[in-house]
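# Summary of the model geometry
Residues per chain are reported as follows:
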Amino acid sequence: MKKRAQALAIGTREDTIMLDKAPDGKVSDLLSALDKALSAGEVEHAVDLFQVDCYWRDLVTFTWNIKTMEGRDQVRDMLKVRLADTKPSNWKIAEGEDASEADGVTESWIQFETEVARGFGHIRLKDGRIWTLLTTMSELKGHEEPVGFDRPMGAKHGAERNRKTWKEEREAEAAELGYSRQPYCVIIGGGQGGIALGARLRQLNVPTIIIEKNERPGDSWRKRYKSLCLHDPVWYDHLPYLPFPRNWPVFSPKDKIGDWLEMYTKVMELNYWGSTECIKASYDEKSQEWTVVVERDGKEVVLKPQQLVLATGMSAKANMPKFEGMDIFKGDQHHSSHHPGPDKYKNKQAVVIGSNNSAHDICAALWEAGADVTMVQRSTTHIVKSDSLMELGLASLYSEQAVQAGMTTAKADLIFASLPYKILHEFQIPVYNAIRERDADFYKRLEKAGFLLDYGDDDSGLFMKYLRRGSGYYIDVGASELIANGSIKLKSGVDVEKLTEHSVILSDGTELPADLVVYATGYGSMNGWAADLISREVANKVGKVWGLGSDTTKDPGPWEGEQRNMWKPTQQEALWFHGGNLHQSRHYSQFLSLQLKARMEGIPTPVYGLQEVHHPG
Ligand SMILES: Cc1cc2nc3c(=O)[nH]c(=O)nc-3n(C[C@H](O)[C@H](O)[C@H](O)COP(=O)(O)OP(=O)(O)OC[C@H]3O[C@@H](n4cnc5c(N)ncnc54)[C@H](O)[C@@H]3O)c2cc1C
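The following refers to the structure shown. (Residues numbered from 1 in each chain as written. Predicted model: local features only at pLDDT ≥ 70, side-chain atom pairs only at ≥ 80, totals over all residues. Heavy atoms only, no water.)

In this section: the overall build of the protein chain. Along the protein chain, the regular secondary structure elements total 19 helices and 25 strands. A compact globule built from 617 residues would reach a C-alpha radius of gyration of about 25 Å, and the protein chain, at 26 Å, matches this within 12%. Based on the C-alpha atoms only, the size of the protein chain along its principal axes is roughly 80 × 70 × 50 Å. Residue burial in the protein chain is summarised as follows: out of 617 residues, 54% are buried. At a minimum sequence separation of 6, the contacts of the protein chain that also span at least 24 residues come to 65%. Of the roughly 26900 Å² of accessible surface on the protein chain, 49% is carried by carbon and sulfur atoms. Considering the protein chain, the positive charge centre built from 75 side chains and the negative charge centre built from 87 side chains are found 2 Å apart. (Helix = DSSP H or I, 4+ residues; strand = E, 2+ residues; numbered from the N terminus. Rg over C-alpha atoms; globule rule 2.2 N^0.38 Å. Buried < 20%, exposed > 50% of the residue type's maximum accessible area, 1.4 Å probe, protein only. Contact = heavy atoms within 4.5 Å. Areas by Shrake-Rupley, 256 points an atom, 1.4 Å probe, with all protein chains shown as cover. Lys, Arg positive; Asp, Glu negative; His and termini not counted. Charge placed at Lys NZ, Arg CZ, Asp CG, Glu CD.)

Following this line, the structure appears as structure tokens:
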């Protein structure tokens, strides 16, 4: 039996908070004090339970938004607006969990309820007060997913004339949805993002159609360059509901992940319209309905959903540069997203413009096929060796060791989510310092070959670069060695001046003879999709998509605290953006699906702190 210490005394900031000495007791006491203050509507008492430098990240439960409150003032402001409606209760250490303590921080998994939902979260205490709090929505009361005891029966026992089989019912649904019956939600883009969200909406019984211009689910991976394998390891990549089997390779080859997505789409019973392109979409504020024009197998179909999700990919809108002479160049030239692979370039001269992931992968594959390859690096790039990233960056959450130690995918996602963006770089800098030390010789040899390195503007490495700008790095799986030893030639610190019929001329006057030019020049913001499919006006109203406002390269301030426009309400009613890497698609599809479900069910969803737009698209 744990000894309970004196009850928590809450009052003004000057009051002493008396806490149980054991971690469980400390957290329980704090949570019951929070419960009491929130139930009584005593905002000041609740705020007093937080540290001065506190962070409360809320995924939909209080704010109907994805929002981090930074500091007591922001916590107070949010509670003043949202507490009365939210009616939180039953705060406790999550069932089956124990609090733990290390380095002066006590932490625990927690559970709680609101008037309309059940929540799960994570708390960290310092000096007896809340340092970080994560509150996430698990399920809407009365609209739970049919799992466990509630799983569908499948068979229909008994006897019934003219009964339909499961297959006939599925076929009937597929035939009527979008024609005689409108979906509540349309997702444009059937890559892993659209598929994961579609699976969640299916479980929540939200009628949804996924529109994909490629023929088959998984084609967005299949169509990428031949040598591509996922850069992230399997533990990071699971889809909702259906984890990869334990014998799945660590780094999935692109065609294998394509097949998995195709299988997943089928078994999760998604209404997936392949070979269908969205041509345009517009929103009628009066009827609160979208008109989405799509071309399905050559025929125009008009859909009328209430919610529209753009899951068109943040690595899908190719940034194609414009250089003088591209029109007269006689060789092959294409963006990296259209690179067919190296097979026909044996003994040919290839120039790859760019120095991030795609550029490295493509250079290495061309070299393997016997091409003479030059990489053109304009500015610095962050390189991290895959095994170092796995061991020092990911192992505690996403690795076989983590699984062995009892870490689940859901918990790993929530721990990652519990680290506030404002201070995330502080956790990352030591990791990349350690990587720099461990791989010092590797970095030295790359620099000696002329490669321009960076480690992020503030040395915080790959994850921060990804969250801030979604570019600027290569996870090394072998190409760096080819650069270091000169097998892949390098021209760095230069730009392309122009192309001639048979060469690329660089800004320092160098002429590189070329049979092939690959523009590995990255991808544009998802905002561009809104401009293409809806209107420039709506794209500007919604503003830039992605980035944190960190005021670092390609992520201009002011500070936003969350990723712009992703998975949360935007300035355009009923328009949502979804995507990111497999981890993000898995994790955030939960919160986007719950926001959509709540709207479908008519549950009030007053959005707190709708993001302002500082950068039009
Ligand atoms: C070379 C490379 C390597 C990568 N490696 C990894 C990795 O290891 N791990 C990882 O998690 N991520 C990786 N990524 C990022 C990767 O892009 C995303 O994880 C993934 O593709 C995103 O999925 P998505 O569904 O958001 O977008 P996409 O897969 O890009 O899917 C968007 C879909 O929208 C469709 N679409 C667009 N416009 C329309 C329209 N008008 N009508 C109908 N359909 C439309 C497209 O055809 C496409 O299929 C990599 C990306 C690249 C380019």
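Next comes the rest of the description.
In this section: helix H12 (residues 409-418). Side chains that are three or four residues apart share a direction in an α-helix, a result of its 3.6 residues per turn. What H12 keeps buried is the set Ala412, Asp413, Leu414, Phe416, Ala417 and Ser418. Next to the buried residues of H12 lie strand S1 (50-59), strand S5 (105-113), strand S6 (117-126), strand S7 (129-140), helix H15 (461-468) and helix H19 (582-600).

This part covers the environment of Asp53. By the secondary structure assignment, Asp53 is in strand S1. C-alpha of Asp53 to C-alpha of Ala102: the two residues are 49 residues apart in sequence and 19 Å apart in space.

Before going further, it helps to examine helix H10 (residues 386-394). For H10, the set of buried residues is Ser386, Ser388, Leu389, Met390 and Leu394. The secondary structure elements touched by the buried residues of H10 are helix H7 (234-237), strand S18 (382-385), helix H13 (421-438), H15 and strand S19 (473-476).

The next point concerns the pattern of salt bridges. Counted under the stated rule, the structure contains 42 salt bridges. For Glu173, the salt bridge is made with Arg202, and the minimal N-O distance between the two is 2.8 Å. Separated by 29 residues along the polypeptide, Glu173 in helix H4 (residues 166-176) and Arg202 in helix H5 (residues 192-203) bring together distant segments of the chain. Looking at Glu173, the relative accessible area reads 16%, which means it is buried. Here Lys344 ties to Asp332 by a salt bridge, and the two come within 3.1 Å at their closest N and O atoms. Of the two residues, Lys344 is situated in the loop between strand S15 (332-335) and strand S16 (349-353) and Asp332 in strand S15; the sequence distance between them amounts to 12 residues. Several salt bridges share partner residues, and in doing so they unite Arg216, Asp219, Arg222, Asp259 and Glu262 into one network. (Salt bridge = Lys/Arg side-chain N within 4 Å of Asp/Glu carboxyl O.)

What follows covers the site of the ligand. Around the ligand, a shell composed of 33 residues is seen, among which Gln192, Gly193, Glu212, His231 and Leu582 lie nearest. For the ligand, an oxygen atom lies 2.7 Å from a polar atom in the side chain of Gln192. The backbone of Lys213 places a nitrogen or oxygen atom 3.1 Å from a nitrogen atom of the ligand. Notes on the ligand: free accessible area 970 Å², of which the protein chains cover 93%. Of all elements in the fold, only H5, helix H6 (219-222), strand S11 (276-284) and helix H17 (527-533) reach the threshold of two or more residues within the shell around the ligand. Of the residues forming the shell around the ligand, the biggest block, 3 residues, is contributed by S11. (Near = heavy atom within 4 Å. Polar contact = N/O pair within 3.5 Å; in protein donor to acceptor, adjacent residues only side chain to side chain.)

We now examine the sheet that holds S16. Here 5 strands make up an open sheet; going across it, the order is S15-S24-S16-S17-S20 and the pairing parallel. Every interior strand has two partners, whereas the edge strands, S15 and strand S20 (489-492), have only one. Strand-to-strand twist of the sheet, defined as the mean angle between neighbouring strand axes without regard to direction, takes the value 15°. Bridge count for S16 against strand S17 (residues 372-377) is 5 bridges, and the pairing is parallel. The partner of Gln349 across the bridge, within S17, is Asp372. Relative to the sheet, helix H9 (residues 357-368) contacts S16, S17 and strand S24 (516-519), its axis offset from that of S17 by approximately 165°. (Pairing = 2+ DSSP bridges. Axes fitted to C-alpha atoms, helices over the stretch in contact; angles between N-to-C directions.)

The next point concerns the side chain of His334. By secondary structure assignment, the location of His334 is in strand S15. Using a relative accessible area of 12% as the deciding quantity, one classes His334 as buried. Side chain to side chain, His334 and His339 meet in a polar contact 3.0 Å long.

Here we come to the packing of H5 against helix H8 (residues 254-267). Where H5 contacts H8, the two axes come as close as 10 Å, and the packing angle between them is 25°. Considering their axes alone, H5 and H8 lie roughly parallel with respect to each other. Seen along the crossing, H5 lies across H8 with a hand that is left-handed. Contacts from Gln192, Ile195 and Ala199 in H5 reach Leu261, Tyr264 and Thr265 in H8. Here the residues of the contact of H5 with H8 are counted per class, giving 4 nonpolar, 2 polar and no charged. (Parallel < 35°, antiparallel > 145°, perpendicular 65-115°, else oblique. Left-handed = near helix turned anticlockwise from the far one by under 90°. Nonpolar A, V, L, I, M, F, W, Y, C, P; charged D, E, K, R; others polar.)

Function cannot be read off these values alone, since they describe shape.
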